[in-house]
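Understanding the architecture of this molecule
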Amino acid sequence: MMNSPSPSRRSFLKLATASAAAWAATPAVRAADGKKEPFKISLAEWSLNKRILKRGGEEPLDHLDFVKVARSFGIDGVEYVNQMFFDKAKDQAYLGEMKKRQEGEGVKGLLIMCDREGNLGDPDDAKRKLTVENHLKWLDAAVFLGCHSIRVNAASNPKLPAEEQLKLAADGLHALCVEGDKRGLFVVVENHGGTSSNGKWLTGVMKAVNHPRVGVLPDFGNFYTNRETGELYNPYQGMREFMPWVKQAVSAKAYDWNTGAGKYYTEDRREGRELTLDFERILKIVIGAGYNGYIGIEHEGVKASEMDGIKQTLEVLKELRSALA
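Residues numbered from 1 in each chain as written. Predicted model: local features only at pLDDT ≥ 70, side-chain atom pairs only at ≥ 80, totals over all residues. Heavy atoms only, no water.

Quick look at the environment of Ile 112 now. Along the chain, Ile 112 falls in strand E3 (residues 108-113). Looking at Ile 112, the relative accessible area reads 0%, which means it is buried. Taking the C-alpha atoms as reference points, Ile 112 and Leu 145, 33 residues apart in sequence, are found 9.4 Å from one another. Residues contacting Ile 112, with those up to four places away along its chain left out, are Tyr 80, Asn 82, Phe 85, Trp 138, Ala 141, Ala 142, Leu 145, Cys 147, Ser 149, Ile 150 and Arg 151. (Helix = DSSP H or I, 4+ residues; strand = E, 2+ residues; numbered from the N terminus. Buried < 20%, exposed > 50% of the residue type's maximum accessible area, 1.4 Å probe, protein only. Contact = heavy atoms within 4.5 Å.)

Written out as structure tokens, the structure reads:
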């Protein structure tokens, strides 16, 4: 299925070792008083999806300006979304401009969140292999941008028994991890709805993949196993189950702040979704598991603008970081 890399791809692959070494050498963040801070803060591009994808009535934003926005908040790590530059994965001039802007702003590319490339757990063998192949260009782009991971989905046919979905997803993920390993990259799966939001199921997938490059990108708020009915897996239980599988990224999904639930509580009150998240409780789980890497802001609230929502979430994370140090 996989051919030898072309010269252009070989140039991508040469960067993998240097990229991995750079990440290993990243110094721990320290507070002003010299104490080690428990985590760093990054920005997920999905926080600006309305502006970049030009929907929702907010002022449009060019994808290339994303790192500038991150830096305007004092944030030095970003998580890209492939939908924002979907047709540019092999455009080395465009990727070069992205990297140039990263370096100009002093911002690190951390990972690329990948969607719309097929189901890694597709029951059709040919389609499952094609999905793996579709992700290779994002692995190469991630290497070029200095990222440590790509984020993928462990989707299968939801009509199949959960155990069968697990085996199929593990098969596709293992094949992709083999390719990630060649490039020095992790392949991390987000709890992204359906069976993937069931902590026991997704950790079962991790065990079945049985590869050092596979991991989980836990999202604080994506624990709806059925969004239509509002069926929800316990977020705190899920976070505890996911943390042993985390590599170098955690996603701080935030909804609306200042709802009256409490200072560090964020709430999703859209129709059919009744979710309140206690950020302090979740962060204690994350830190208690020994994690001290980046936690990425992914704001999806509807009451505040995207920029205000990012600011509010950043303030909460900074306050809790100081309190939990």
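Okay, back to it.
If you check helix H4 (residues 92-105), its first and last C-alpha atoms are 20 Å apart, about what 14 residues at 1.5 Å a residue would give, namely 20 Å. Structurally, the start of H4 carries an N-cap: the backbone nitrogen of Ala 93 is 3.2 Å from a side-chain oxygen of Asp 91. Downstream of H4 by one or two residues, Gly 106 has phi in the positive range, about 70°. (Expected span 1.5 Å × (residues − 1). Polar contact = N/O pair within 3.5 Å; in protein donor to acceptor, adjacent residues only side chain to side chain.)

Right, let's talk about the state of the cysteines for a bit. Here, the word disulfide means a covalent bond between the sulfur atoms of two cysteines. All told, the structure shown has zero disulfides when counted by the stated rule. No disulfide involves Cys 147; its sulfur sits 9.5 Å from that of Cys 114, the nearest cysteine. (Disulfide = S-S within 2.5 Å.)

Under the criterion given, the structure shown has 23 salt bridges. Notably, a salt bridge pairs Lys 200 with Glu 241, separated by 3.3 Å at the nearest N-O pair. On the criterion of sequence distance, the pair formed by Lys 200 in helix H7 (residues 199-209) and Glu 241 in helix H8 (residues 235-242) is long-range, its members being 41 residues apart. What emerges from the salt-bridge pattern is a single network uniting Asp 219, Lys 253, Asp 268, Arg 270, Glu 298 and Glu 300. (Salt bridge = Lys/Arg side-chain N within 4 Å of Asp/Glu carboxyl O.)

Right, let's talk about the nonpolar core for a bit. Core analysis: the biggest nonpolar cluster contains 95 residues, and Ile 112 and Phe 220 have the highest contact counts within it. Among the elements that make up this core, the one with the highest residue count is helix H5 (residues 125-144) (eight residues). (Core = buried A, V, L, I, M, F, W, Y, C linked by side-chain atoms within 4.5 Å.)

A separate point is the side chain of Thr 313. Position of Thr 313 relative to the elements: it lies in helix H10 (residues 306-324). Apart from residues no more than four positions distant in its own chain, Thr 313 is found in contact with Ala 254, Trp 257, Phe 279, Ile 297 and His 299.

Next up on the list: the sheet that holds strand E4 (residues 149-152). In spatial order, the strands read E6-E5-E4-E3-E2-E1-E12-E9; together these eight strands make up an open sheet with parallel pairing. Looking at strand neighbours, the two that pair on one side only are strand E6 (214-217) and strand E9 (249-254), the edges of this open sheet. Between one strand and the next, the sheet's axes are offset by a mean angle of 30°, whatever the strand orientation. As paired strands, E4 and strand E5 (residues 186-190) are joined by four bridges and run parallel to one another. (Pairing = 2+ DSSP bridges. Axes fitted to C-alpha atoms, helices over the stretch in contact; angles between N-to-C directions.)

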